[in-house]
Amino acid sequence: MNNAPVILIVDDDEGHAILVEDNLRAASLDNRMEHFRDGQAVLDFFFARGPGPHAVKGGTYLVLLDIRMPKVDGIEVLRQLKADPELHKVPIVILTTTDDSREVARCHALGCNVYLQKPVDYEKFATAIRRMGMFVTLLLLPAINEA
C-alpha cells in the first residue's frame with residue numbers, strides 16, 4: 001500500500017482546480033496532482049483510451065470529482081469507476097457546489113467515499129480544502145491493477 005496517491009482533480013472550472021491544488025499544497029501535500037477538465041478525460045485516463053497519460057499499473061489514486069461538467073458529468077464518472085472490478089477501490093471525493101440531498105444520496109448509492117460541498121466563500125473554501133489535505137496525509141490506499 002502506498003500513502004502518497006496521485007490526486008486527480010476533475011473540474012471544468014480552472015479557478016476551482018487551481019484553488020484546490022494551491023490549498024492542498026498549503027496543507028503540506030507534495031503528491032503529484034493532475035487536472036482533468038471534463039469527465040471524459042478522466043475516464044480515458046483510467047480506461048487507457050486515446051492518446052495522453054493513462055493510469056499506471058500498481059498506482060494509487062485519489063479522485064476529487066465535480067458533478068457538473070461538460071462531455072461526461074461526475075455522476076457518470078462515478079458510476080463507471082465504481083462499476084469496474086478493479087477501479088471500484090479508487091476513492092472518490094465528490095467536491096461540488098451542489099447540495100441537493102437527492103444528489104448526495106445518489107452519489108453515496110453509487111459508491112462515492114466522501115461528499116463535500118464547495119463553500120461559496122473563498123476563505124471557507126480554502127480552509128475546507130486545507131483540512132481535507134491534512135486528512136489525505138493519513139490515507140493508506142490500495143493500488144490498482146497490481147501484478
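Residues numbered from 1 in each chain as written. Predicted model: local features only at pLDDT ≥ 70, side-chain atom pairs only at ≥ 80, totals over all residues. Heavy atoms only, no water.

A. Broad picture of the packing of aromatic side chains. Counting across every chain of the model gives 4 aromatic pairs. Between Phe45 and Phe46 the ring centres are 5.2 Å apart and the planes differ by 80°, which places this aromatic pair in the edge-to-face class. With respect to burial, Phe45 and Phe46 carry one shared label: buried. Through a chain of ring-to-ring contacts, three or more aromatic side chains come together here, namely Phe36, Phe45, Phe46 and Tyr61. (Phe/Tyr/Trp six-rings, centres within 6.5 Å; stacked < 30°, edge-to-face > 60°. Buried < 20%, exposed > 50% of the residue type's maximum accessible area, 1.4 Å probe, protein only.)

B. Local environment of empty space enclosed by the protein. Considering all chains together, one arrives at 1 cavity of 30 Å³ or more under this definition. Computed from the structure, the largest cavity encloses a volume of approximately 30 Å³. The wall of the largest cavity is formed by Ile9, Val10, Asp11, Val20, Leu64, Leu65, Asp66, Leu95 and Lys118. Those elements that place two or more of their residues in the lining of the largest cavity are strand 1 (6-10) and strand 3 (61-65). When its residues are assigned to classes, the lining of the largest cavity shows 6 nonpolar, no polar and 3 charged. (1 Å grid on protein atoms, 1.4 Å probe; cavity = no way out; pocket = protein on both sides within 12 Å on 5 of 7 lines; lining within 4 Å. Points joined across faces, edges and corners; volume = space filled by probe spheres on them. Helix = DSSP H or I, 4+ residues; strand = E, 2+ residues; numbered from the N terminus. Nonpolar A, V, L, I, M, F, W, Y, C, P; charged D, E, K, R; others polar.)

C. The arrangement of the sheet that holds strand 1 in detail. Read from one edge of the open sheet, 5 strands run 2-1-3-4-5, paired in parallel fashion. Single-partner strands in this sheet number two, and they are strand 2 (33-36) and strand 5 (114-117). On average, each strand axis in the sheet is tilted by 20° relative to the strand beside it, whichever way the strands run. The pairing of strand 1 with strand 3 spans 5 bridges and is parallel. Following the sheet pairing, Val10 is matched in strand 3 by Leu65. Of the strands in this sheet, strand 1, strand 2 and strand 3 are in contact with helix 2 (residues 39-46), which crosses strand 1 at around 150°. This element, helix 3 (residues 74-83), spans strand 3 and strand 4 (92-96) of the sheet and lies at about 175° to strand 4. (Pairing = 2+ DSSP bridges. Axes fitted to C-alpha atoms, helices over the stretch in contact; angles between N-to-C directions. Contact = heavy atoms within 4.5 Å.)

D. Layout of the environment of Phe46. Counting through the fold element by element, Phe46 comes out in helix 2. Through-space distance from the C-alpha of Phe46 to that of Leu87 is 8.0 Å; in sequence the pair is 41 residues apart. The contact partners of Phe46, leaving out residues within four places of it in the chain, are Leu8, Ala55, Tyr61, Val63, Leu81, Leu87, Val90 and Ile144.

E. Region of the structure containing the nonpolar core. Grouped together as the largest cluster of nonpolar side chains are 26 residues, with contacts concentrated most on Leu8, Phe46, Tyr61, Val63, Leu65, Ile94 and Cys107. Mapped onto this core, the elements with two or more residues apiece are strand 1, helix 2, strand 3, helix 3 and strand 4. With sequence-adjacent residues up to four places away left out, Leu65 is seen in contact with Val10, Gly74, Val77, Leu78, Ile92, Val93, Ile94 and Leu95. Counting 18 residues, the second largest nonpolar core, distinct from the first, contains Val20, Leu62, Met132 and Leu141. (Core = buried A, V, L, I, M, F, W, Y, C linked by side-chain atoms within 4.5 Å.)

F. A look at the packing of helix 1 (residues 14-26) against helix 5 (residues 122-136). Closest axis-to-axis distance for the helix 1/helix 5 pair is 8 Å, and the angle between their directions is 50°. Compared by their axis directions, helix 1 and helix 5 come out oblique. Between helix 1 and helix 5 lies a crossing of right-handed hand. Of the residues in helix 5, those touching helix 1 at His16, Leu19, Val20, Asn23, Leu24 and Ala26 are Tyr122, Phe125, Ala126, Ile129, Arg130, Met132 and Gly133. Looking at the contact of helix 1 with helix 5, its residues break down into 9 nonpolar, 3 polar and 1 charged. (Parallel < 35°, antiparallel > 145°, perpendicular 65-115°, else oblique. Left-handed = near helix turned anticlockwise from the far one by under 90°.)

The values reported here are purely geometric and, on their own, carry no functional implication.
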